[in-house]
Amino acid sequence: NDNQKDLCLFFEKLIEGHTEETDTKHAVDKLVERSEGLFVYARLLADTISDKDGKITQKITKKMLDELPDGIDKFYKKQFTRILDTESNANWDESIEWRIVGMIVAAAEPLHLKLLQQFTGKSKKQVRDAVKKISRFFPQDDNKKLHTYHKSLVDWLTLDDNGSDFYVNIEEQERLFANQCWSILDKCSIPGSTAADQIQFDNYDSVVVEYILQHGVMHLCSAKMKEKARRLVLDVGWLIIASERAESRNNLVLDFERLNENDRVMELIGRAIGLALNAMQTDHRQLPGQL
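Figured I'd write up the structure that's included with this text. (Residues numbered from 1 in each chain as written. Predicted model: local features only at pLDDT ≥ 70, side-chain atom pairs only at ≥ 80, totals over all residues. Heavy atoms only, no water.)

1. Digging into the overall build of the chain
What counts here: Where helices and strands are cited, they refer to DSSP runs of H or I of at least four residues and of E of at least two residues respectively, numbered from the N terminus. Only C-alpha atoms enter the radius of gyration; for comparison, a globular chain is expected to reach 2.2 Å times N to the power 0.38, where N is the number of residues. Think of it in three bands: residues with accessible area under 20% of the maximum for their type are buried, residues over 50% are exposed, and the middle band is partly exposed, with areas taken using a 1.4 Å probe on protein chains only.
Along its length, the chain carries 16 helices and 2 strands. Against the compact-globule benchmark of 19 Å for 291 residues, the chain has a radius of gyration of 24 Å, which places it well outside the compact range. Along the three orthogonal principal directions, the C-alpha set of the chain runs to about 80 × 40 × 35 Å. Counting every position in the chain, which comprises 291 residues, the buried fraction comes to 45%.

2. Comments concerning the packing of aromatic side chains
Going by this rule: Only Phe, Tyr and Trp rings take part, Trp by its six-membered ring, and two of them pair if their centres are within 6.5 Å. Stacked means planes under 30 degrees apart, edge-to-face means over 60, and tilted covers everything else.
The tally for this structure, following the rule as stated, stands at 14 aromatic pairs. Here the aromatic rings of Phe-10 and Phe-11 are separated by 5.7 Å at their centres, their planes lie at 75°, and the arrangement is edge-to-face. Members of the aromatic cluster, connected to one another through ring pairs, are Tyr-76, Phe-80, Trp-92, Trp-98, Phe-137, Trp-156 and Phe-166.

3. Quick look at the nonpolar core
The condition is simple: Here, the term nonpolar core denotes a set of buried Ala, Val, Leu, Ile, Met, Phe, Trp, Tyr and Cys residues that are joined through side-chain atoms within 4.5 Å. Working rule for contacts: check all heavy atoms of both residues, and any pair within 4.5 Å makes them a contact.
Counting 92 residues, the largest nonpolar core has Phe-80, Leu-157 and Trp-238 as the members making the most contacts within it. Look past the residues within four positions of Leu-157 in its chain and what remains in contact with it is Phe-80, Trp-98, Val-101, Val-105, Phe-138, Asn-162, Phe-166, Tyr-167 and Val-168.

4. What to know about the pattern of salt bridges
As a reminder, the rule being used: For salt bridges, the criterion is a side-chain nitrogen of Lys or Arg within 4 Å of an Asp or Glu carboxyl oxygen.
Under the defined criterion, the tally for this structure stands at 15 salt bridges. The salt bridge partner of Asp-255 is Arg-258, with a shortest N-O separation of 2.8 Å. Of this pair, Asp-255 and Arg-258 both sit in helix H14 (residues 246–259), 3 residues apart, which is roughly one turn of that helix. Three or more residues joined by partner-sharing salt bridges are found here, namely Arg-264, Glu-267 and Arg-271.

5. Overview of the environment of Trp-92
Following the sequence through the fold, Trp-92 ends up in the loop between helix H5 (71–83) and helix H6 (96–106). Along the backbone, Trp-92 and Arg-271 are 179 residues apart, and their C-alpha atoms lie at a distance of 47 Å.

6. Looking at helix H15 (residues 264–282)
We apply this condition: Multiplying 1.5 Å by the residue count of a helix minus one yields the expected span of that helix. For a residue, the bend is simply the angle between two axes, fitted respectively to the seven-residue segment ending there and the seven-residue segment starting there. The term polar contact refers here to a pair of N or O atoms within 3.5 Å; inside protein, the definition further demands a hydrogen-donor-capable atom paired with an acceptor-capable atom, and it admits residues adjacent in sequence only when both atoms are side-chain atoms.
Across its 19 residues, H15 extends 28 Å between first and last C-alpha, which sits within 8% of the 27 Å expected from 1.5 Å per residue. Taken as a whole, H15 carries its principal kink of about 55° at Ala-276. Every buried residue of H15 is accounted for by Met-266, Gly-270, Ile-273, Ala-276, Leu-277, Ala-279 and Met-280. In this structure, the buried residues of H15 make contact with helix H12 (226–233), helix H13 (236–244), H14 and helix H16 (287–290). For H15, the N-terminal capping position is held by Asp-263, with its side-chain oxygen 3.2 Å away from the main-chain nitrogen of Val-265.

Structure follows, in structure tokens:
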């Protein structure tokens, strides 16, 4: 089929001049077989055997072809085993690299390096070194935010029976996010403030504040901490400071929707805020009057 032909062409170009076998076709057929028809496998393999400029750094030998894992799942397993050094490090699941992997997989959006530093409690250098080790699967963009290379990686990491020890428990990660968000809010006297000017985020980087304002309630709800989420959205100080920023202002309506199951208060206030968004866009201080 066309996909098979495209894979053959891709591998032919990739290994041209880098195979020890005279029969390049045999090597290409082997690579296509190992990939199980998936281009993400082909692309990841190319990245693995190339330098940052895309030049092949190793010879394609028969031994290497025989040792290649079958399919993308086994490829991921082999690479994570190497990256996290699980064979010699019994505590790999407590490493900063694995903690960051879990956070990226469960996060509501690509995570900034400064947010990782805040939530892991690690130094800038420690986070940077860890991010470098996992960069093939979680590349960093120009805004210093980490993305997942491919959806198949998240699917594999969150599958309980994926044939490996590399399993990310989303519920557990949600609790970690929720506790981190709540801890920071609590230190800033939220909930509990009655006016926005009492709320001080001076000790936290703006990317951390933005994330909590946009996604804090979502993480609390996902972690089954709805009572805390309810206290938060009924806090006037929180509502005013969240309505200052466009992104978190739009998320306010969604936050109330998450909490309005059989809750007339959540339903009414959420509806009022939805109707007040235009006025709040002009001046967020109109919120109390709108309510």
